[in-house]
Amino acid sequence: MSADPVTRSTRHWWTRPWVLALGLVVLAAIGVFAWADSAAGGWWTFQPGAAPQITPSGQCKLTSGGGLQLPDGRPCARIVVPAARSHAIHGRLLMVDVLVGPTTPWEFLLAQVGLLDTVSPASTLVPASSVLGGAPASQFTCQDNEEMATAQTYAPVAALRSLGYKIPFHYHGSLVTLVEPGSPAARAGVRCGDTVVALAGTPTPSASDLINAVEGHRPGTVVTITVRRGAAEHTYRVKLGSRPAIGGQPAQPGEGFLGIGTTDVPSYRLPFPVGIKVGNIGGPSAGLALTLGILDAVSGGHLTGGHVVAVTGTIGPNGNVGPVGGVAQKAVAVQRAGATLFLVPVSEVPTARREARPGMRVEGVTTLRQAVHDLQAIGGTVPAPAGG
């Protein structure tokens, strides 16, 4: 007598070992991904970016993606000076950027098992705090743009001063680089990127003027704050808070508090117009490269001696060069672009040399003058100072 086919097997499909094992694997994967998603929030990823060629050529044009490009597809940045002063640049002068953004769970997992550099060469994770410096991530783009704007302001000043031009300046406001979330300024409507020009009707041409004006009012006082945003001015009413402990300094309950970070906005009077177009590239690290590009364009175009030279470093109006981030990734990017010399801030030399391959020399600099000296050593030429 045959067995009843309905009662012959009572095991359900979900009780079979392979199904249970698969379910456990799926649950474990979900758990690991959830952990990675949470842990990745404390990190940002640095990856090699592009190495735009600096040129005065009108063939360097804006693309639909927001970058600038030469007809052959290479990225570029354009120096714009009066035609009578502009010279084609011989050789190639490159700036360089880094792709920076919040770490994804996938990138975090790859980094944990040592495979991030294999999947994405020269990529690395950096603590978010070292990138943001305490600012909210929502203000990163604003700060990045402000830093590039500062580099574009200082580059022509440093370049033309090195040629002997005297360039007077004055301050015309305090640029807002940070708005503390929930602060009196944030509640009033002040934004990162605004320029504060007055408080309580009194002009504040410098950051120190603004600080003194705020500290001169008691917490709880309602004052007006006037900001310039683009071409328009806006005036807001703000109720000052009480100054908390900041940067190791004790709280000052008797002093007014806005909750913003600012820097001076100098206005320079150049001897002739100098424009810089970089597209959607941000950050301060192109300062030295742009300075050398301006110097090259207005001084004959032979600064690189016909070589392919890449440059990174911040620039001050008097030609001082400051440190930058992501030098390992930048070294990879400029090597891909064919650079034979890479000028970096002197503190970044060990990092750049670790990534450098045969055929690319790395030199450290602390000033514009030193950078020019290094270029002269490879055959570059700069005319004697001619400004006044």
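These figures come from a predicted structure and were not determined experimentally.

The next subject is the sheet that holds strand β8 (residues 124–127). Overall, antiparallel pairing links the three strands, which are arranged β7-β1-β8 in an open sheet. The open sheet has two edge strands, β7 (98–102) and β8, and neither has a second partner. Along the sheet, successive strands turn relative to each other by an average axial angle of 30°, direction set aside. Sheet analysis places strand β1 (residues 43–48) next to β8, joined by four bridges and oriented antiparallel. Along β8, the bridge assignment pairs phenylalanine 46 with threonine 124. Sitting on the sheet, helix α2 (residues 105–112) touches β1, β7 and β8, and the angle it makes with β1 is about 80°. Against the sheet, helix α9 (residues 327–336) touches β1, β7 and β8, its axis set at about 20° to β1.

Turning our attention to the packing of aromatic side chains. Throughout the structure, instances matching the rule amount to five aromatic pairs. Between tyrosine 154 and tyrosine 268, the aromatic rings sit 6.4 Å apart at their centres with planes inclined by 80°, giving edge-to-face as the arrangement. Of this pair, tyrosine 154 sits in helix α5 (residues 140–162) while tyrosine 268 sits in strand β16 (residues 260–268), and the two are 114 residues apart along the sequence. Neither residue differs from the other here; tyrosine 154 and tyrosine 268 are each classed as buried. These aromatic residues form a ring-pair network of at least three members: Tyr154, Phe169, Tyr171 and Tyr268.

On inspection of all chains with the given rule, the structure shows two disulfides. What pairs with cysteine 60 in a disulfide is cysteine 76, and their sulfur atoms sit 2.1 Å apart. The disulfide joining cysteine 60 to cysteine 76 has a torsion of about 100° about its S-S bond and is therefore right-handed. Of this pair, cysteine 60 sits in the loop between β2 (53–55) and β3 (61–62) while cysteine 76 sits in strand β5 (residues 76–80), and the two are 16 residues apart along the sequence. Residue class for cysteine 76 comes out buried when judged on its relative accessible area of 2%. Disulfide partner of cysteine 142: cysteine 192, at an S-S distance of 2.1 Å. Its S-S torsion of about -95° marks the bond between cysteine 142 and cysteine 192 as left-handed, since a negative value means left-handed. You can see cysteine 142 sitting in helix α5 and its partner cysteine 192 sitting in the loop between α6 (184–188) and β10 (195–199), a full 50 residues away along the chain. Of the residues examined, cysteine 192 reaches a relative accessible area of 17% and is grouped as buried. Numbered in order of appearance, the disulfide-bonded cysteines of the protein are paired 1-2, 3-4.

Membership of the largest hydrophobic core comes to 45 residues, with the highest contact counts inside it found for Met95, Leu288, Leu290 and Leu292. Each residue touching leucine 292, except ones within four places of it in the same chain, is listed here: Leu93, Leu303, Val311, Leu343, Leu368, Ala371, Val372 and Leu375.

What follows covers the side chain of serine 206. Looking at the secondary structure, you find serine 206 in the loop between β11 (202–203) and α7 (207–215). Serine 206 sits in the buried class, given a relative accessible area of 8%.

Helices that pack against each other are described as a pair by the angle of their axes relative to one another and the distance between those axes. Following both chains from N to C, one finds helix α8 (residues 287–298) and helix α11 (residues 368–377) inclined at 60°, their axes separated by 11 Å at the closest point. Relative to α11, α8 is oriented oblique. Crossing geometry of α8 relative to α11 is assigned as right-handed. Residue-level contacts link Leu288, Thr291, Leu292 and Leu295 of α8 to Leu368, Ala371, Val372 and Leu375 of α11. Looking at the contact of α8 with α11 residue by residue, the class counts come to seven nonpolar, one polar and no charged.

What follows is about the environment of glutamine 69. Summarising the element assignment, glutamine 69 is placed in strand β4 (residues 68–69). Taking the C-alpha atoms as reference points, glutamine 69 and glutamine 53, 16 residues apart in sequence, are found 9.0 Å from one another. The residues touching glutamine 69, leaving out its near neighbours within four places in the chain, are Gln59, Cys60, Lys61, Thr63, Arg74, Pro75 and Cys76. A polar contact of 3.5 Å, which involves the side chain of glutamine 69, links it to the backbone oxygen of glycine 73.

We now examine unusual backbone geometry. Glycine aside, negative phi is the norm for most residues, and most peptide bonds take the trans geometry. Its identity is not glycine, yet alanine 122 carries a phi of approximately 70°, on the positive side. Mapped onto the secondary structure, alanine 122 falls in the loop between α3 (116–119) and β8. If you check the backbone angles, alanine 200 has positive phi at about 55° while not being a glycine. Positionally, alanine 200 belongs in the loop between β10 and β11.

What follows is about α8. The end-to-end C-alpha separation of α8 is 17 Å, in line with the 16 Å expected for 12 residues at 1.5 Å each. Within the span of α8, buried status applies to Gly287, Leu288, Ala289, Leu290, Thr291, Leu292, Gly293, Ile294, Leu295, Asp296, Ala297 and Val298. Looking one or two residues beyond α8, the residue adopting positive phi is glycine 300, at roughly 120°.

Calculation criteria
- Residues numbered from 1 in each chain as written.
- Predicted model: local features only at pLDDT ≥ 70, side-chain atom pairs only at ≥ 80, totals over all residues.
- Heavy atoms only, no water.
- Pairing = 2+ DSSP bridges.
- Helix = DSSP H or I, 4+ residues; strand = E, 2+ residues; numbered from the N terminus.
- Axes fitted to C-alpha atoms, helices over the stretch in contact; angles between N-to-C directions.
- Contact = heavy atoms within 4.5 Å.
- Phe/Tyr/Trp six-rings, centres within 6.5 Å; stacked < 30°, edge-to-face > 60°.
- Buried < 20%, exposed > 50% of the residue type's maximum accessible area, 1.4 Å probe, protein only.
- Disulfide = S-S within 2.5 Å.
- Core = buried A, V, L, I, M, F, W, Y, C linked by side-chain atoms within 4.5 Å.
- Parallel < 35°, antiparallel > 145°, perpendicular 65-115°, else oblique.
- Left-handed = near helix turned anticlockwise from the far one by under 90°.
- Nonpolar A, V, L, I, M, F, W, Y, C, P; charged D, E, K, R; others polar.
- Polar contact = N/O pair within 3.5 Å; in protein donor to acceptor, adjacent residues only side chain to side chain.
- Expected span 1.5 Å × (residues − 1).

By themselves, these observations are geometric and do not establish any function.
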